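Each chain, written out:
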Amino acid sequence: DIISFQGYPCRSVMIVKDYEDIPTADIRTYWIQECSRTNILTGGYHIVSFAHTKSVMEELLSKYDRVLKNIHTSLADKSLLNKLECPTSTEGARSL
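Residues numbered from 1 in each chain as written. Predicted model: local features only at pLDDT ≥ 70, side-chain atom pairs only at ≥ 80, totals over all residues. Heavy atoms only, no water.

Student: Tell me what's going on with the environment of tyrosine 64, and back it up with residues and numbers.
Tutor: Among the structural elements, tyrosine 64 can be located in helix α2 (residues 54-76). Judged by its relative accessible area of 11%, tyrosine 64 is buried. Considered as a pair, tyrosine 64 and threonine 38 are 26 residues apart in the sequence and their alpha carbons are 9.2 Å apart. (Helix = DSSP H or I, 4+ residues; strand = E, 2+ residues; numbered from the N terminus. Buried < 20%, exposed > 50% of the residue type's maximum accessible area, 1.4 Å probe, protein only.)

Structure representation (structure tokens):
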């Protein structure tokens, strides 16, 4: 899998791997960019709280599904790098 989600049900982390000549950081940046378009702010993780009602979670999962399908298509046709509209995100404190 290029993208997987790991962790506990209340806190999931997105794990991204390189795909052919497309680096992990670019795939992760595209995820953040496309989630932002759907009004989801993410850094590659998701923390569930009691504020997340069933309808909120269904809407979120629907948006995640659309973004993941978009990533799949963009990797398959090798257009992902051309669709990036921002600088590649860095790992930040994780790399310290």
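We are not done yet, so read on.
Student: Run through helix α1 (residues 24-37), naming residues and quoting values.
Tutor: The end-to-end C-alpha separation of α1 is 20 Å, in line with the 20 Å expected for 14 residues at 1.5 Å each. Turning to α1, the residues buried within the fold contact β1 (3-8), β2 (11-16), α2 and α3 (80-83). One or two residues past the end of α1 sits asparagine 39, with phi positive at roughly 70°. (Expected span 1.5 Å × (residues − 1). Contact = heavy atoms within 4.5 Å.)

Student: Kindly report on the pairing of β1, identifying the contributing residues and their values.
Tutor: For β1 and β2, the ladder comprises six bridges, and the chain directions are antiparallel. Across the sheet, residue tyrosine 8 finds its bridge partner in β2, namely arginine 11. Here β1 folds back onto β2, and the loop between the two strands holds two residues. (Pairing = 2+ DSSP bridges.)

Student: Which residues make up the state of the cysteines, and what values go with them?
Tutor: Going through the model one piece at a time under the given rule, you end up with zero disulfides. With no disulfide of its own, cysteine 35 has cysteine 86 as its nearest cysteine by sulfur position, at a separation of 12 Å. Using a relative accessible area of 0% as the deciding quantity, one classes cysteine 35 as buried. Residue cysteine 86 is classed as partly exposed on the basis of its relative accessible area of 36%. (Disulfide = S-S within 2.5 Å.)

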